[in-house]
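Below, each chain spelled out in residue letters.
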Amino acid sequence: MKTTAPSADSRGATLINHWQCGVPVTHGPVLTPFLLLLTGLAGIGLGLAALRFFSPLGPFSAMNDVYAWGIWKTFNVMTLTALGSGPLALGIAAWVFNRQKLHVVMRTALVSGFLFYATGLIALGFDVGRPWNFYSALMPWRWNSESAMLEISICMPLYCAVFLSFEILPLILERIYYTGNERSRAFLSRIGPNIRKAYPFVIIGAYVIPLMHQSSLGGLLLLAGTKINPLWQSPVMPLLYLVAAVFCGLGFTIFLLMIVCLRYARYLDAAVLTELANLLSGVCFVFLAIRIADLIWRQQLRAAFALDKMSLLFLFESAMILAPAIALRFRRVRETPRALLNMSVLACLGGMLYRFIPTSIAYVPLRSTAYFPSTPELIMAAGYIALGSVAFVLAVNYFAVLPGEAGTWDHTFRPFGWPGKASQSSIAGPIPTAVVQERAI
Amino acid sequence: MNVILSRRQAFKAMIGLGGTVTSALLPAAAHAAADSRGNSEEHPAHPIAPPDAVAMLFDSTVCTGCKACMPACNEANGLPTDTLLSGGIWDMPTGLNAKTKNIIELYQDPQSDNFAFVKKQCMHCLDPACVTGCPFGSLVKRDLGAVTWNSSLCIGCRYCEVACPFEVPQFQWENWNPKIVKCEFCYDQRLKEDMQPACTSVCPTGAVIFGKRTDLLAQAKERIAATPEKYFENRVYGEYEAGGTQVLYLSSVSFQKLGLPKLGTTSIGHYATKVTSVLYKWLAGPALVAGVFGFFIRRNWERHETERREHEKKTGFPDQL
């Protein structure tokens, strides 16, 4: 990571600085009314989930034997983990394709991805009917290795609990280092180098495993066969699900970075954002190319433009992905914050639509039964999302998640707006003036 | 000669190269081995029924709709009666559900007086999609071809319901300890003891009969040959549908009108696993990707570390990971 001086935007509209390292949010109240609202929603959702554990699924959901999967699976897991694929997309770009600039926003992607996966897994835990039999996951001789469901039920918890947790471990250790006592600091200095030694090996798993389970989410739907409309049902669905996850991860990271920087009055970094936008546009084009080639190969192109309900849905979804793909080719769009934000949201919505439609809207079984999520189902789904949002807000306030200027990162152990701890610190150092400046905003 | 690699690096490169080559070659070798043994593929596109496979043959033109098979099924499986529609008086299910493994349904033509009965239960596919999808092997295809469910392995993910093209497995939504309810060919109750399933044993007209699949298929074709004008399309539903099933249907009206889905002849398990079974053979695909990623990550990591050490020396503060 290079330390460069903040530079002024050439167009003079916005001051654009370089993001240099993760910096915690240290000003403004943490508990805003909005956060309390989200906490309440998360509490209601989790309360219902706890009730659900002592009750059959019937009273809590509108699922039936024809639509056996409700929104907990189809939205909270299959759709939202695409948005949580930021660590996968950015990680591969940064570490495998050596896009050095992206290292600085990895933490934002990692924390959001972890929360999407964790809340998805909570949703899954309350969705399955016989969770007490899940201990079979530890017994490889019971595994049905050809089942995509097995791949997901093992890889997703493994990825979240081991690989993502390891990747966000430095954030937590760093905080303990800066707020803890001498003993913990000595301990952390000792294990720090070991983490660095293990890191390049662990991240191999952290990229291979989501490649497997994000494609398996598409692979799940292959077995549904003719129940899914042929515009979506295709042998390349696993690949498309994976590519959709990659661009959703990129798009959501752009979106998240921009809105939190707006919220906490941080400067944006044009260099990093345009790099992400470039990648986003490229992956969107790859997705559309595979999608069209697949439709031509399966001779479904006529059905795709038949302008009936499914065809319009397909065109709508593709347009949502095509628009950012084209728009972000233009430098002016990439460098205009408002346009970049809009385009990344469009890409996210397009990818989410692609991942949601075949599980629900284009899922047309033989027996004509309708499914619309019941109120408790919706509240629980919203509660899981609220839980993730609350955790993210707390994370950016107490950990060095969001990117900022290196100058605003206080290395003299005055961390995280905890003045009590700061005064105890015996280690002296220069206090950068930039710290004072940022607090003044 | 100028030696660029250290001994250790050379070993590493050899191991890496070896691993990559092996993981590329192993699946090919495995594939070749499978081919040489003939039809030993896990999910062939058109599975061949084993010689001991049993079957049911349901002839819709013979069924009178007496529903004798339904209480017989309930009794053999210990199922409660579904009295929701009858006001608590008698068993009156509207379709396969958590209390019903077997049902007689009526098709009535909206224009004419034509009608036909159809018996619905598990089709016991030769390559069942539910068994392919079941993560911990709770649903298995047993000997004689019966597809059965094991409560101690099921996690209740309901993937079988999504996978089954006939929409047979039913989940107990109103039970805290939910079970998957589906016809199991009376495997534990009767089939194991050399008895035929309850439904076929009580059928008074012989509309549904039990026997070896090959025998029943031959018999069905004889019936079609004897009176070809009586049967729709002159074919047996279940002979090839979804790779073939162990429940066979004869009908005078279109099978789709009876509520049987229009399916291709390829096994669904084959469609779903033909690519992944090659990619994931001995985890060769993931290992290959891990090898390639590992090579680049290692290279970029070294660069990153060099830069980090320079940066830390310059500023005197630890760099973030």
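Thresholds, definitions, all that
Residues numbered from 1 in each chain as written. Chains lettered and ligands numbered in written order. Predicted model: local features only at pLDDT ≥ 70, side-chain atom pairs only at ≥ 80, totals over all residues. Heavy atoms only, no water. Helix = DSSP H or I, 4+ residues; strand = E, 2+ residues; numbered from the N terminus. Buried < 20%, exposed > 50% of the residue type's maximum accessible area, 1.4 Å probe, protein only. Contact = heavy atoms within 4.5 Å. Areas by Shrake-Rupley, 256 points an atom, 1.4 Å probe, with all protein chains shown as cover. Pairing = 2+ DSSP bridges. Axes fitted to C-alpha atoms, helices over the stretch in contact; angles between N-to-C directions. Buried area = accessible area lost by both parts, 1.4 Å probe. Salt bridge = Lys/Arg side-chain N within 4 Å of Asp/Glu carboxyl O. Nonpolar A, V, L, I, M, F, W, Y, C, P; charged D, E, K, R; others polar. Core = buried A, V, L, I, M, F, W, Y, C linked by side-chain atoms within 4.5 Å. Domains from an automatic or database assignment. Left-handed = near helix turned anticlockwise from the far one by under 90°. Phe/Tyr/Trp six-rings, centres within 6.5 Å; stacked < 30°, edge-to-face > 60°. Lys NZ or Arg CZ within 6 Å of the ring centre and 35° of its normal. Expected span 1.5 Å × (residues − 1). Bend = angle between axes of the 7 residues up to and from the residue. Parallel < 35°, antiparallel > 145°, perpendicular 65-115°, else oblique.

### Describing the overall build of chain A
In terms of helices and strands, chain A carries 16 helices and two strands. The proportion of buried residues among the 441 residues of chain A is 59%. Of the contacts made within chain A by residues no fewer than 6 positions apart, 80% connect residues no fewer than 24 positions apart. If you sum the accessible surface of chain A, you get close to 17700 Å²; carbon and sulfur atoms cover 71% of it.

### Quick look at unusual backbone geometry
Residue and element names in this part refer to chain B. Residue glutamate 233 is not a glycine yet carries a positive backbone phi of 60°. Tracing the backbone shows glutamate 233 in the loop between helix H6 (213-226) and strand E9 (247-250). A relative accessible area of 51% means that glutamate 233 is categorised as exposed. In this model, leucine 283 sits at a positive phi of 60°, which is unusual for a non-glycine residue. Looking at the element boundaries, leucine 283 is found in the loop between helix H8 (276-279) and helix H9 (284-315). For leucine 283, a relative accessible area of 48% gives the class partly exposed.

### Considerations on the sheet that holds strand E1 (residues 54-59) of chain B
Residue and element names in this part refer to chain B. Spatially, E8-E1-E9 is the arrangement adopted by the three strands of the open sheet, whose pairing is mixed. Every other strand in the sheet has two partners, leaving strand E8 (208-212) and E9 as the edge strands with one partner each. Across this sheet, the average inter-strand angle for adjacent strands is 25°, counted without regard to direction. Pairing geometry for E1 and E9, over four bridges, is parallel. Paired with methionine 56 across the strands is valine 247, a residue of E9. Here H6 sits on the sheet in contact with E1, E8 and E9, set at roughly 130° to E8.

### A word on the interface of chain A and chain B
Taken together, the contact pairs 80 residues of chain A with 70 residues of chain B. Summing both partners gives a buried area of about 6600 Å² for chain A against chain B, and 59% of it is carried by carbon and sulfur. The three residues of chain A that bury the most area against chain B are Arg130, Arg196 and Leu223 of chain A, which together make up 14% of that side's buried surface. For the pair chain A and chain B, the interface holds two salt bridges. Among the salt bridges present, the one from arginine 158 of chain B reaches aspartate 127 of chain A, with a minimum N-O distance of 2.9 Å. Counting residues per element, the ones that place at least two in the side of chain A that touches chain B are strand E1 (21-22), helix H4 (86-96), helix H5 (106-127), helix H6 (148-179) and helix H7 (182-222) of chain A. Per element, the largest residue contribution to the side of chain A that touches chain B is 16 residues, and it comes from H7 of chain A. Among the residues making up the side of chain A that touches chain B, the classes are represented as 47 nonpolar, 21 polar and 12 charged.

### Regarding the nonpolar core
Ranked by size, the top nonpolar core spans 205 residues in total, and within it Trp72, Trp232 and Phe247 of chain A carry the most contacts. For this core, the element with the highest residue contribution is helix H8 (residues 237-263) of chain A, accounting for 18 residues. Residues Ile209, Leu217, Ala220 and Val236 of chain B belong to the second largest nonpolar core, which totals 11 residues.

### As for the domain arrangement of chain B
Domains assigned within chain B are domain 1 (54-266) and domain 2 (273-298). Placing the centre of domain 1 of chain B and that of domain 2 of chain B at their C-alpha centroids yields a distance of 41 Å.

### Digging into the packing of helix H9 (residues 270-297) of chain A against helix H11 (residues 309-327) of chain A
Residue and element names in this part refer to chain A. The interhelical angle for the contact between H9 and H11, taken along N-to-C directions, is 145°, at an axis separation of 8 Å. For H9 against H11, the interelement crossing comes out left-handed. Residues Ser281, Cys284, Phe285, Phe287, Leu288, Arg291 and Leu295 of H9 pack against Phe314, Glu317, Ser318, Ile321, Leu322, Pro324, Ala325 and Ile326 of H11.

### With respect to the packing of aromatic side chains
Taken as a whole and assessed by the stated rule, the structure comprises 25 aromatic pairs over all chains. Their ring planes at 80° and their centres at 5.3 Å tell us that phenylalanine 247 of chain A and phenylalanine 287 of chain A sit as a pair that is edge-to-face. Here phenylalanine 247 of chain A is found in helix H8, whereas its partner phenylalanine 287 of chain A is found in helix H9, with 40 residues between them in sequence. In this pair, the class of phenylalanine 247 of chain A matches that of phenylalanine 287 of chain A, namely buried. Here phenylalanine 115 of chain B and phenylalanine 117 of chain B contribute two aromatic rings whose centre-to-centre distance is 5.8 Å and whose plane-to-plane angle is 75°, an arrangement assigned as edge-to-face. Judged by its relative accessible area of 15%, phenylalanine 117 of chain B is buried. Every member of this aromatic cluster is reached through a ring pair, and the members are Phe58, Phe232, Tyr237, Tyr249 and Phe255 of chain B. If you follow arginine 185 of chain A out to its NZ or CZ, it ends over the ring of tyrosine 177 of chain A, 5.9 Å from the centre. Note that arginine 158 of chain B overlies the ring of phenylalanine 171 of chain B, its terminal NZ or CZ placed 5.3 Å from the centroid.

### Focus on the environment of alanine 290 of chain B
All names here are of chain B. Examined against the element boundaries, alanine 290 turns out to sit in helix H9. The class of alanine 290 is partly exposed, set by a relative accessible area of 23%. When the C-alpha atoms of alanine 290 and proline 318 are compared, they prove to be 30 Å apart, with 28 residues separating the residues in sequence.

### Remarks on H7 of chain A
Along its 41 residues, H7 of chain A runs 56 Å from first to last C-alpha, staying within 8% of the 60 Å computed at 1.5 Å per residue. The largest bend in H7 of chain A comes to about 45°, at tyrosine 199 of chain A, with the proline proline 200 of chain A one to four residues further on.

### Comments concerning the packing of H4 of chain A against H8 of chain A
Residues and elements named next belong to chain A. The geometry of H4 relative to H8 is characterised by a closest axis approach of 7 Å and an angle of 90° between their N-to-C directions. Taken together, H4 and H8 sit at an angle that is classed as roughly perpendicular. The residues of H8 that touch H4, namely those facing Gly86, Leu88, Ala89 and Leu90, are Leu242, Val246, Gly249, Leu250 and Thr253. Classifying every residue of the contact of H4 with H8 by side-chain character gives six nonpolar, three polar and no charged.

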